[in-house]
Structure formats: C-alpha cells, structure tokens
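# Survey of secondary and tertiary structure
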Amino acid sequence: MKRRYSWLLAFMLASGAVAGDAIFAESFTQPMPKMNDAEREQFARGRGLIRQSWVIAPSKDREIAGLGPLYNRLACISCHPRNGRGKAPEDSEERMFSMLVRLSVPGENTHGGPKPHPAYGEQLNEEGIPGVPGEGRAFIQWKEVEKLILPGEEKVSLRRPEIEFRELAYGTLDDALSSLRVGQQMVGMGYLDAVSAETLESMANEKKPDGVKGRVNHVWNPETQRVETGRFGYKANVPSLRLQIASAFAGDLGLTSSIFPDENCTSVQAACKKAPSSGTPELSEKQLNETEFYLAHLELPVRRNVNAPEVLRGAAEFTRIGCATCHRQELETGKHPRFSRLSQQKIQPYTDLLIHDMGEGLSDGRPDFQADGREWRTPPLWGIGLTEAVSESHSYLHDGRARNLSEAILWHGGEAKIARDRFAGLPEKERKALLAFLNSL
C-alpha cells in the first residue's frame, strides 16, 4: 500500500516548520492519519504517559506514582527526546543523561538470558528515592583507536568508550559484564512488531553474498511464558513492543506492571526492599495498553529529496556495495494481533531485524540470549536523516561512539566488513551521494 503524507506536509507548512525539505523537530511524534475520536484520545493518553515525569509513592496522584525505589530517569523522553535518539557524553565528567549501562555476570538465567549481577541486577540504576542509595555513577572516557584518510582526503577518527564506575553503593563491579546503551528512536515500532516470525526465519535462512549470514535471536517472553522471536533492543533480545515497554518502565523508572510485578531490588539492597509502593502493580494494565497504542501508531516520517540526482546515485551505491543485504529496504507485515491498521502493510524500514556478527571492534563481550558479544541487530534506518532535527545531536551505534554516519559505517566489521571496505574505498563523490541518501531517509 502506498503511503500518503500530504496531511503531515500541510500541517508543517502551515506551522512554518518547513524550510525547503520537510524537516522539523516533531517528526517522530505525529499520529497516523484517519484515526477516529476514540483512537486519538487513546493516542493522546499514551503520549502523556511517555512524557510524564513520574513521582515517588505515596502520592495523592496515584496514577503517576511509583517511581523507583531505584531508577535512571523520571520520564521516558529523558532518554528518547521527542521519541528520538539519546546521546553519549562528550567527556569523562559529563553525566549520562540519555543512556544506561547493562549489567550481568557470566552464565545464563533460568530461561537462557543474561544472568543478573547479584548486587546490581540487570542495569545500573544511578538514582534512588529518598532513603534508598542510588547504585552509583558511570562515566565515559573516550579513546581514539584509529585514524583514517578516505579518498578525497577526508579524515576520520574512530573512538570507543571506556566505562569508569564511581560512587558504587553495593560493592565493586569487578566481575561484571557491562554494555553501554544509548536511547533509540521509537518511531515505526508498531510496524516492526507486526513483521511475522516466519518472515524473519525465512530471511535468516536465505543464502547471502559477501559472507553475510544473520540469524534470529530466540528469547524468553515472560508475558506469554514461551520462547519467541526477538526483534527489539540492540541485540534483538525482546520479542514484542508490549514487552519492550514494560521492561523499560521496570528497568529505567522502577515501575512494576503485570509483566514485571517485582520491584527492581536485589537481595543486598535492604532499603530498596523496604521502600513504599503505590500499588500492585504500579503501572496499570490500562496505562500499559495506552502506551503501547501510542508507540504502535506513530506515523512514519516523511522522506526528503527523494528524487534528487545525488540521492538516487547514493541509493544505487547503497545497494551495490552490499549495505542493502542487511538493511533491507522493504518488508511486509503479517497480521498484528491487536492493531489491524498495522497488518499486511509494505514498509521500508531498511532492516532485516536479524542479529549479525559485527566484528571484534564492536563487541561488548556480553551475551544476551543467543546473541554473543559480537552480534547486534540490524538497526532500522528510517528516520535516521532526521536525527539532528529531532534529537539535536548525532550519536550512533549502541554506545554512541559514532559522531556521524561515516564513523558508524566504518565501525562495521565481521559480516559487514566487505561492505564497509567498499564504502571506505568509494571516491569522494560517490561516498557523499551515499550519505545524502541516508540523510534522505
């Protein structure tokens, strides 16, 4: 089905938000067209929950209480500004305001996922409510690892982060496996939720060129109590949009739900375990449903300069050098169990949602279900050219090490090394055309 965006363009033109191309800061916050009044109301309530700053229990306002006892930020948009990407700190003294640190120890939990750290759990929660010590702080020291000169004398410097933990409240993290995570953009998640498991398995089984493989990460779903196909998260370690939302509320905000009914306290965190709760669960089923509806029904952003000669050349180069093998332009959704508007749609997310070996340079050394440290999910590219307009920053890859798209591509290794080397060898004109294509998405 061909998508139409005239209503959105008209809105932006009327609001004065367009200068030549259709770029404006709220590109990732728009509702899908043709919603009825009840759907628009549900969308608005979900938007409010994403933007809500949650408060500590007990509170007279029961519906927005339950923050913590341990948490990272007060609101979802703290890590996903305007539903866009977070950013990495620029230096070793800047706090991580829109990213976090995943934690585990060697081994697997009961269902094959990462084994939580016995004192700190599955991620570092830097903040605590009054009377509950936050777990500590994580800071980043950037280390330059390679300098490149590309055709046309373009100089590129690649950096990687080193984590320093400070003010740890519950013991050392010397035995921990840690991995940085920058907040991801949240647009298009409903469509990806509707791509069938059969489609993903079929793509994984296809023979691909240049040594590319790709596979499905089979993960445990605590809501359905079964192993399912992973599709969300940097390692495709979450099988559904609903579970992604509930896990973020639990891990980042400390809000319990029907899926995660327990507070995020470990056995050694005595004050955390004694902290008051606003209810069981703190996030109601209605609130979970409304948040899911909102994120599932965000309209896709409008592409820009689609027919510009440079963009068309860049699209051809993108395919020719092998990027499209993993960043597949088109997928078709299956039948979504709750949202019929998302079913049987042709979409252009530029991903296969599979995990691929990306080489030792990007390895975090931390397994996640069937994904090992070198394996990462192919990220969707739709909307990537709007990163600066929406998030007011450039921070790419899982840990924000890439400051622009060239750096992001040049970090590709493993199964993507051949395509990466072809990009690095492109004449300046063709390389700029490919980047112009990416910025049109």
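Parameters at a glance
Residues numbered from 1 in each chain as written. Predicted model: local features only at pLDDT ≥ 70, side-chain atom pairs only at ≥ 80, totals over all residues. Heavy atoms only, no water. Helix = DSSP H or I, 4+ residues; strand = E, 2+ residues; numbered from the N terminus. Rg over C-alpha atoms; globule rule 2.2 N^0.38 Å. Buried < 20%, exposed > 50% of the residue type's maximum accessible area, 1.4 Å probe, protein only. Areas by Shrake-Rupley, 256 points an atom, 1.4 Å probe, with all protein chains shown as cover. Lys, Arg positive; Asp, Glu negative; His and termini not counted. Charge placed at Lys NZ, Arg CZ, Asp CG, Glu CD. pLDDT = per-residue confidence, 0-100. Contact = heavy atoms within 4.5 Å. Axes fitted to C-alpha atoms, helices over the stretch in contact; angles between N-to-C directions. Parallel < 35°, antiparallel > 145°, perpendicular 65-115°, else oblique. Nonpolar A, V, L, I, M, F, W, Y, C, P; charged D, E, K, R; others polar. Polar contact = N/O pair within 3.5 Å; in protein donor to acceptor, adjacent residues only side chain to side chain. Disulfide = S-S within 2.5 Å. Pairing = 2+ DSSP bridges. Expected span 1.5 Å × (residues − 1).

### Thoughts on the overall build of the protein chain
A count of helices and strands for the protein chain gives 12 helices and 13 strands. The globule rule puts the C-alpha radius of gyration for 441 residues at 22 Å, and the 21 Å found for the protein chain is close to it. Across the 441 residues in the protein chain, those meeting the buried criterion constitute 55%. Surface summary for the protein chain: the accessible area is close to 19100 Å², and the carbon and sulfur share equals 52%. Side chains of the protein chain give 56 positive and 59 negative charges; the mean places of these two sets differ by 4 Å.

### Digging into unusual backbone geometry
With omega at 10°, the peptide bond leading from G68 into P69 counts as cis. Cis geometry marks the peptide bond from T280 to P281, where omega comes out at 0°. Positive phi is not limited to glycine here, since N83 has a value of about 70°. With respect to the helices and strands, the residue N83 is situated in the loop between β1 (70-71) and β2 (99-108). A relative accessible area of 2% means that N83 is categorised as buried. Despite not being glycine, E167 shows a phi value in the positive range, around 55°. Mapped onto the elements, E167 comes out in the loop between β6 (154-166) and β7 (177-182). For E167, a relative accessible area of 62% corresponds to the exposed category.

### Quick look at the confidence of the model for the protein chain
Averaged over all residues, the pLDDT of the protein chain equals 94, while 95% of them reach at least 70. With pLDDT under 50 throughout, residues 1-22 is counted as low confidence; its partners more than four residues away or in other chains account for 35 contacts.

### As for the packing of helix α8 (residues 309-320) against helix α12 (residues 428-440)
Packing of α8 against α12 leaves a shortest axis separation of 7 Å and a crossing angle of 100°. With respect to their mutual orientation, α8 and α12 come out roughly perpendicular. Of the residues in α12, those touching α8 at E310, V311, R313, G314, A315, E317 and F318 are K429, E430, K432, A433, L434, A436, F437, L438 and S440. Class assignment for the residues of the contact of α8 with α12 results in 8 nonpolar, 2 polar and 6 charged.

### Looking at the side chain of Q123
Tracing the backbone shows Q123 in the loop between β3 (114-115) and β4 (127-128). A residue is classified by how much of its surface remains accessible, and Q123, at 6% relative accessible area, is buried. A polar contact is formed between the side chain of Q123 and the side chain of N72, at a distance of 2.9 Å. For Q123, the side chain forms a polar contact with the side chain of R102, separated by 2.4 Å. When neighbours within four sequence positions are excluded, Q123 is seen to be in contact with N72, L100, V101, R102, L103, E135, G251 and D252.

### So, the state of the cysteines
Per the stated rule, a full pass over the model turns up 1 disulfide. Paired by a disulfide, C265 and C272 hold their sulfur atoms 2.0 Å apart. The sign of the -75° torsion about the S-S bond sets the C265-C272 disulfide as left-handed. Exposure remark for C265: the relative accessible area of 21% places this residue in the partly exposed category.

### Digging into the environment of R45
Structurally, R45 is set in helix α2 (residues 37-51). Considering only alpha carbons, one finds R45 and P367, 322 residues apart in sequence, at a separation of 36 Å. With residues near it in sequence (within four places) discarded, R45 still touches K286 and E290.

### What to know about the pairing of strand β9 (residues 226-229)
In terms of strand pairing, strand β8 (residues 218-221) meets β9 through 4 bridges, oriented antiparallel. Pairing of W220 across the sheet is with V227, part of β9. Where β8 folds back on β9, the antiparallel hairpin that results is connected by 4 residues, among which Q225 adopts a positive phi of roughly 60°.

### Quick word on helix α5 (residues 241-253)
Its 13 residues give α5 an end-to-end C-alpha distance of 17 Å, which sits within 8% of 18 Å, the value for a rise of 1.5 Å per residue. Within α5, 10 of the 13 residues are buried, which leaves the element mostly enclosed by the surrounding structure. Of the surrounding elements, those touching the buried residues of α5 are β1, β2, α3 (189-194), β8 and α7 (285-296). Of the residues trailing α5, G254 is marked for its positive phi of about 75°.

### Thoughts on the sheet that holds β3
One open sheet accounts for 3 strands, arranged β3-β2-β7; its pairing is antiparallel. The outermost strands of the open sheet, each flanked by one partner alone, are β3 and β7. Of the strand pairs in this sheet, β2 and β7 are connected by 6 bridges, and their pairing is antiparallel. When the bridges of β7 are listed, M99 appears paired with V182.

### Examining the pairing of strand β5 (residues 137-150)
The pairing of β5 with β6 spans 13 bridges and is antiparallel. Bridged to R137 within β6 is R166. Adjacent in sequence and paired antiparallel, β5 and β6 are bridged by 3 residues, among which G152 carries a positive phi angle near 95°.

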